[in-house]
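What the coordinates show
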Amino acid sequence: MPPGFKPNELVTRYNVESFHEDAWHTYCGNKSSKIVVGQLALCESKSRLLLNAGSGVYQIGVDGWSEMAVDLFDAPIRGRQNAVRASIEDLPFESGMFGAVVCVGEVLGYCDPAKSIFEFSRVLSPSGILICDFGNSRSFRYLLKKQYGRAADLVTDQYNGTSEPIWVYDYAYISSLLISAKFSIKQVTGIHTWSAIARRIGLPAQRATNIQRRLDWLHLPTKWADVTAIVAVRGGGGKAPP
């Protein structure tokens, strides 16, 4: 786990059996879920074993895939048939075991992204896919602030009405890690664009999310989105533009 977190606060917030998402994170989760479902349907890996990395209380449940959940805490995965308590920075699985790894919900913002991405590469089979997302340091929300464009920076965000620290990253940094870990980046999607502008000018997250929903049809550049979602394939070369 990178610096900046108080373990007791993480336990209080995330070691739970149920969880209520605010409007901002619900919108983001719905967008990520659509990407996950669509990409799993296209995956060409022979393995049909799916790793839900940093699952929390959520299950993916896509037909044709057997899901293994991993979380840092006991309560979110209690009672699941296939679940392991572990850090995504040090996965307790054999190499090449999974056909897909899903790590969404900005889980990388609470982890060392380098260690996590190389672990994802290790446990994925050839042609396996990784679907992950992260808070973007080039978001409109950080424009003209010291955090803007930094490879990695610790920021304070709002989650269900309370403040909490989370790491944000530049796309160039995350993409360089993926390429080094033998991934080929196939798709990059921006989530929360208009809403990031709204929050930059001081609107609360709820109102910003409502604006985003109304303007979803009018796309803004991915590189300025608040959350960046990446689809990458294990093996091959090259990367997609942000």
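All of these numbers come straight from a predicted model, not from anything done at the bench. (Residues numbered from 1 in each chain as written. Predicted model: local features only at pLDDT ≥ 70, side-chain atom pairs only at ≥ 80, totals over all residues. Heavy atoms only, no water.)

This part is about the overall build of the protein chain. Secondary structure assignment for the protein chain yields six helices and nine strands. The globule rule puts the C-alpha radius of gyration for 242 residues at 18 Å, and the 17 Å found for the protein chain is close to it. Projecting the C-alpha coordinates of the protein chain onto the three principal axes gives extents of approximately 45 × 40 × 35 Å. When burial is assessed residue by residue, the protein chain has 49% of its 242 residues classed as buried. If you sum the accessible surface of the protein chain, you get close to 11400 Å²; carbon and sulfur atoms cover 55% of it. Side-chain charges of the protein chain comprise 26 positive and 22 negative groups, with the mean position of each set lying 7 Å from the other. (Helix = DSSP H or I, 4+ residues; strand = E, 2+ residues; numbered from the N terminus. Rg over C-alpha atoms; globule rule 2.2 N^0.38 Å. Buried < 20%, exposed > 50% of the residue type's maximum accessible area, 1.4 Å probe, protein only. Areas by Shrake-Rupley, 256 points an atom, 1.4 Å probe, with all protein chains shown as cover. Lys, Arg positive; Asp, Glu negative; His and termini not counted. Charge placed at Lys NZ, Arg CZ, Asp CG, Glu CD.)

Attention now moves to the environment of Gln 81. As for its placement among the helices and strands, Gln 81 is situated in the loop between strand 2 (66-71) and strand 3 (83-85). The exposure class assigned to Gln 81 is exposed, which follows from its relative accessible area of 77%. Between the alpha carbons of Gln 81 and Ala 69 there is a distance of 9.3 Å; along the sequence they are 12 residues apart.

Turning our attention to the packing of aromatic side chains. Counted by the stated rule, this structure contains six aromatic pairs. Geometrically, the ring pair formed by Tyr 14 and Tyr 110 is edge-to-face, given 5.8 Å between the ring centres and 70° between the ring planes. With a gap of 96 residues between them, Tyr 14 in helix 1 (residues 7-14) and Tyr 110 in the loop between strand 4 (98-103) and helix 3 (113-123) connect regions that are remote in the sequence. Ring-pair connections join several aromatic residues into one group, and the members of that group are Tyr 14, Tyr 110 and Tyr 159. We note Arg 199 situated over the ring of Trp 24; from NZ or CZ to the ring centre the distance is 4.5 Å. (Phe/Tyr/Trp six-rings, centres within 6.5 Å; stacked < 30°, edge-to-face > 60°. Lys NZ or Arg CZ within 6 Å of the ring centre and 35° of its normal.)

The geometry of helix 2 (residues 23-42) relative to helix 6 (residues 205-214) is characterised by a closest axis approach of 8 Å and an angle of 35° between their N-to-C directions. On helix 6, the residues that touch Ala 23, Trp 24 and Tyr 27 of helix 2 are Ala 205, Gln 206, Ala 208, Thr 209, Gln 212 and Arg 213. Classifying every residue of the contact of helix 2 with helix 6 by side-chain character gives five nonpolar, three polar and one charged. (Axes fitted to C-alpha atoms, helices over the stretch in contact; angles between N-to-C directions. Contact = heavy atoms within 4.5 Å. Nonpolar A, V, L, I, M, F, W, Y, C, P; charged D, E, K, R; others polar.)

Moving on: the side chain of Thr 228. Among the secondary structure elements, Thr 228 is positioned in strand 9 (residues 227-234). Thr 228 sits in the buried class, given a relative accessible area of 2%. If we ignore the near neighbours within four places in the chain, the residues touching Thr 228 are Cys 132, Asp 133, Phe 134, Asn 136, Tyr 171, Val 188 and Thr 189.

Where helix 4 (residues 171-180) is concerned, the buried positions are Tyr 171, Ile 174, Ser 175, Leu 177 and Leu 178. Down the axis, helix 4 shows its buried residues gathered within 155° of arc, on one side only. Where helix 4 is buried, its residues meet helix 3, strand 5 (124-135), strand 7 (162-169), strand 8 (183-191) and strand 9. Where helix 4 ends, the next residue or the one after it, Lys 182, has phi of about 70°, a positive value. (Arc of directions from axis to C-beta.)

Time to look at the pattern of salt bridges. On inspection of all chains with the given rule, the structure shows nine salt bridges. Notably, a salt bridge pairs Asp 226 with Arg 141, separated by 2.8 Å at the nearest N-O pair. Placement of the pair is Asp 226 in the loop between helix 6 and strand 9 and Arg 141 in the loop between strand 5 and strand 6 (152-159), with a sequence separation of 85 residues. With respect to burial, Asp 226 and Arg 141 carry one shared label: buried. The shortest N-O distance in the salt bridge between Asp 157 and Arg 199 comes to 3.3 Å. Highlighted residues: Asp 157 in strand 6 and Arg 199 in helix 5 (residues 194-200), separated in sequence by 42 residues. Residue Asp 157 is classed as buried on the basis of its relative accessible area of 7%. Each of Arg 141, Asp 157, Arg 199 and Asp 226 takes part in one network of salt bridges that share partners. (Salt bridge = Lys/Arg side-chain N within 4 Å of Asp/Glu carboxyl O.)

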